[in-house]
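# Examining the three-dimensional arrangement
The lines below spell out each chain.
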Amino acid sequence: MESLTAVFQNHAGKDGNTCDLSKTESLRFLSTELAAFTKNLKGPGVLDRRTRKLDINCDGQLDFQECLNLTGGMAVACHGSFTCSQKCN
Ligand SMILES: [Ca+2]
Ligand SMILES: [Ca+2]
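Residues numbered from 1 in each chain as written. Chains lettered and ligands numbered in written order. Predicted model: local features only at pLDDT ≥ 70, side-chain atom pairs only at ≥ 80, totals over all residues. Heavy atoms only, no water.

In the annotation of an unreviewed UniProt entry, the chain is listed under the name S100/CaBP-9k-type calcium binding subdomain domain-containing protein and assigned to Rhinolophus ferrumequinum.

## What about the coordination of the calcium ion (ligand 2)?
Within the protein, the calcium ion (ligand 2) binds to D55 (OD), N57 (OD1), D59 (OD), Q61 (O), E66 (OE) and E66 (OE); these donor distances fall in the range 2.2 to 2.6 Å. Read in sequence order, the donor residues for the calcium ion (ligand 2) give the motif D-x1-N-x1-D-x1-Q-x4-E. Judged by relative accessible area, D59 falls into the partly exposed class, the value being 41%. (Donors = N, O, S within 2.8 Å, 3.2 Å for Na, K, Ca; no water. Buried < 20%, exposed > 50% of the residue type's maximum accessible area, 1.4 Å probe, protein only.)

## Points about the pattern of salt bridges
Scanning the model with the defined rule gives 2 salt bridges in all. Residue D48 is joined to K23 by a salt bridge in which the shortest nitrogen-to-oxygen separation is 3.5 Å. Separated by 25 residues along the polypeptide, D48 in helix 4 (residues 44–54) and K23 in helix 2 (residues 23–33) bring together distant segments of the chain. The partly exposed category is assigned to K23, whose relative accessible area is 48%. A salt bridge links D48 to R52, with the nearest nitrogen and oxygen atoms 3.0 Å apart. With D48 and R52 both in helix 4 and 4 residues apart, the pair spans about one turn of that helix. Within the structure, one salt-bridge network assembled from shared partners comprises K23, D48 and R52. (Salt bridge = Lys/Arg side-chain N within 4 Å of Asp/Glu carboxyl O. Helix = DSSP H or I, 4+ residues; strand = E, 2+ residues; numbered from the N terminus.)

## Examining the nonpolar core
Formed by F8, A12, L21, F29, L30, L34, L47, L54, L62, C67, L70 and M74, the largest nonpolar core amounts to 12 residues. Counting residues per element, this core draws most heavily on helix 5 (residues 64–88), which supplies 3 residues. (Core = buried A, V, L, I, M, F, W, Y, C linked by side-chain atoms within 4.5 Å.)

## A few points about the packing of helix 2 against helix 4
For the pair helix 2 and helix 4, the least separation of the axes is 10 Å and the interaxial angle reads 115 degrees. Once helix 2 is placed against helix 4, the crossing between them reads as right-handed. Of the residues in helix 4, those touching helix 2 at K23, S26, L27 and L30 are L47, D48 and T51. (Axes fitted to C-alpha atoms, helices over the stretch in contact; angles between N-to-C directions. Left-handed = near helix turned anticlockwise from the far one by under 90°. Contact = heavy atoms within 4.5 Å.)

## Some details on the side chain of H11
Looking at the secondary structure, you find H11 in helix 1 (residues 2–12). In this structure the side chain of H11 is engaged in a polar contact, spanning 2.9 Å, whose partner is the side chain of E33. Once residues lying within four places of it in the same chain are set aside, the contact partners of H11 are L21, E25, R28, F29, T32 and E33. (Polar contact = N/O pair within 3.5 Å; in protein donor to acceptor, adjacent residues only side chain to side chain.)

Right under this line is the structure:
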């Protein structure tokens, strides 16, 4: 958890405001830190839509809580596909 906070602040601080990820920062965050997940997303608009959906308070920025929803959701998706492929084999 500590490293997640550090990673978040590292990306969020690019524009001087470490509390939120701007749109540019969140796209960079996703494509560098979560490359394993985002490389399978087709088209540049998909990531864009996904980050917009995460912006619960619609302020155009992702705060740490909103960002956690994403990483939590991805962990669940990852777990789901893992257990599913286990069953299939
Ligand atoms: Ca920022
Ligand atoms: Ca927000």
